[in-house]
Amino acid sequence: SRAIKIAPSILSADFASFGAECQAICDQGADWVHVDVMDGHFVPNITFGPQTCAAIRPHIKGVMDVHLMIAPVDGYLEAFARSGADFISVHLEAGAHMHRSLQTIRSLGAKAGICINPATGIEQIEYLLDQVDLINVMTVNPGFGGQKFIMSQLDKIRKLRALIGERPIHIEIDGGVTTETAPLCAAAGADVLVAGSAVFSGGSVSNPAPYGKNISAL
Ligand code: DX5
Ligand code: ZN
């Protein structure tokens, strides 16, 4: 498989058919499946919780990558770990004690990710590097799919790649990834690209071939 992993976000899938949608994108070449959990508080939108994650888990072939846009978050980590999440990512902006949250995720047997909003600098990650397996750079303001990629974040990705050095930490890009912006992210040092609208556009559970074409085009 290729060096850059594509993680379709089911935020752009048919919410009435999550199981079939997950199967379809995995069959069509998705490396990971990205699952956006929103609480209507940390972000201005509501999606679903750990029960839905547990329900879709058997329909995902590879990695289930759970992005928590919720605050507070600590009280929910165990439920998401039990749902079968491989990666659980929390927002740096969602609590005062992220070091503890990340330790908790690992103690529950999952890989730990930290997400940073477009306005957040990478300085605050420096002392978390030993605690994380993944850093999610938000290239839109979280809450909705289909937004425009914020170009200033490319510089952040480059700086983050330099900061990480040889550590085995994924750099994941989330928001506005398209055929135009994907190569820029890869060149800046990202290795996992989340894509919602760019993967799901033009396809459906009964016509999944466009998913495969869209994934290969990124
Ligand atoms: C935004 C989510 C993203 C989003 C990406 O809050 O975290 O994962 O679904 O969607 P696109 O690729 O359409 O920007
Ligand atoms: Zn996401």
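All chains use their own residue numbering, which begins from 1 and follows the written sequence. Written order determines the labels here, with chains lettered from A and ligands numbered from 1. Local features are withheld for residues below a pLDDT of 70 in this predicted model, meaning they are given only at 70 or higher, and side-chain atom pairs are given and counted only at 80 or more; totals for whole chains, interfaces and linings count all residues.

- As recorded in an unreviewed UniProt entry, the chain goes by Ribulose-phosphate 3-epimerase and comes from Pseudogemmobacter faecipullorum.
- UniProt positions are given in the numbering used here, feature names are shortened, and annotations may be inferred rather than shown by experiment. Here is the UniProt Function (unreviewed entry) comment for the chain, exactly as written: "Catalyzes the reversible epimerization of D-ribulose 5-phosphate to D-xylulose 5-phosphate."
- Turning to the chain, the UniProt annotation filed under Catalytic activity (unreviewed entry) states: "D-ribulose 5-phosphate = D-xylulose 5-phosphate".

A few points about the overall build of the chain
Step number 1: In this description a helix means any DSSP run of H or I spanning at least four residues, a strand means any run of E spanning at least two, and both kinds are numbered starting from the N terminus. If you tally the helices and strands in the chain, you get 8 helices and 8 strands.
Step number 2: Using C-alpha atoms as the atom set, the radius of gyration is obtained and then compared with a globule rule of 2.2 Å times the number of residues to the power 0.38. The C-alpha radius of gyration computed for the chain amounts to 16 Å, which stays within 12% of the reference 17 Å derived for 218 residues, consistent with globular compactness.
Step number 3: With respect to the three principal axes, the spread of C-alpha positions in the chain is 45 × 35 × 30 Å.
Step number 4: Counts of 20 or more other C-beta atoms within 10 Å of a residue's own C-beta define buried residues, counts of 12 or fewer define exposed ones, and intermediate counts define partly exposed ones; C-beta atoms are placed from the backbone. Burial analysis of the chain (218 residues in total) assigns 43% to the buried set.
Step number 5: Here the contacts in the chain between residues at least 6 apart in sequence split such that 63% fall between residues at least 24 apart. By the criterion used throughout, residues are in contact when their C-beta atoms, derived from the backbone, lie within 7 Å.

Brief notes about the site of ligand 1
Step number 1: Throughout this description, a residue near a molecule or strand is one whose C-beta atom, derived from the backbone, lies within 6 Å of it. The immediate surroundings of ligand 1 are formed by 21 residues, with Leu 11, Pro 142, Gly 145, Gly 196 and Ser 197 found nearest.
Step number 2: Listed by contribution, the elements that provide at least two residues to the shell around ligand 1 are strand E2 (32-38), strand E8 (192-195) and helix H7 (197-200).
Step number 3: As a working rule, the residues Ala, Val, Leu, Ile, Met, Phe, Trp, Tyr, Cys and Pro are called nonpolar, Asp, Glu, Lys and Arg charged, and the rest polar, with Gly in that last group. In terms of residue class, the shell around ligand 1 is built from 7 nonpolar, 12 polar and 2 charged.

Notes on the sheet that holds strand E4 (residues 87-91)
Step number 1: Strand order in this open sheet of 8 strands is E1-E8-E7-E6-E5-E4-E3-E2, and the pairing throughout is parallel. This sheet does not close on itself; its edge strands, each paired only once, are strand E1 (5-8) and E2. Across the sheet, the mean angle from the axis of one strand to that of its neighbour is 25°, orientation sign disregarded.
Step number 2: At least two DSSP bridges between two strands are required for those strands to pair. Two elements, strand E3 (residues 63-69) and E4, share 3 bridges in a ladder whose sense is parallel. Residue pairing for E4: His 67 is matched across the bridge by Ser 89.
Step number 3: Fitting a line to C-alpha atoms yields each axis, with helices limited to the stretch in contact; the angle taken between N-to-C directions then spans 0 to 180 degrees. Strands strand E6 (134-138) and strand E7 (170-174) of the sheet are contacted by helix H5 (residues 153-164), whose axis makes an angle of about 165° with E6.

Considering the UniProt feature "binding site: substrate" (unreviewed entry) in the chain
Step number 1: Residues given the UniProt feature "binding site: substrate" (unreviewed entry) here are Ser 9, His 67, Gly 143, Phe 144, Gly 145, Gly 146, Asp 174, Gly 175, Gly 176, Gly 196 and Ser 197.
Step number 2: In this structure Ser 9 touches His 34, Asp 36, Gly 145, Val 194, Ala 195 and Gly 196, once residues within four positions along its chain are discounted.
Step number 3: Structurally, the position occupied by Gly 196 is in the loop between E8 and H7.
Step number 4: Note on Gly 196: 24 C-beta atoms within 10 Å, which makes it buried.
Step number 5: If we ignore the near neighbours within four places in the chain, the residues touching Gly 196 are Pro 8, Ser 9, Leu 11, Ser 12 and Gly 145.

Section: unusual backbone geometry
Step number 1: At the junction of Ala 71 and Pro 72, the peptide bond is cis and its omega measures out at -5° in the coordinates.
Step number 2: Position of Pro 72 among the secondary structure elements: in the loop between E3 and helix H3 (77-82).

Observations concerning helix H4 (residues 98-107)
Step number 1: For H4, the full list of buried residues reads Met 98, Ser 101, Leu 102 and Ile 105. Down the axis of H4, the smallest arc covering the buried residues is 95°, so these residues share one side. Residues of H4 that are exposed and point more than 90 degrees away from the buried face comprise Arg 100 and Ser 107.
Step number 2: Lining the buried residues of H4 we find H3, E4 and strand E5 (111-116). Directions are taken from the helix axis to each C-beta atom, and the arc is the one they span.

Some words on the pairing of E2
Step number 1: Across the 7 residues that make up E2, a large majority, 7, are buried.
Step number 2: When E2 meets E3, the two strands line up parallel, connected through 7 bridges. Among the inter-strand pairings, Met 38 is bridged to a residue of E3, identified as Met 69.
Step number 3: The definition of a right-handed crossover adopted here requires that, viewed with the strands pointing away, the path from the first strand over the helix to the second runs clockwise. Handedness of the E2-helix H2 (residues 50-56)-E3 crossover: right-handed.

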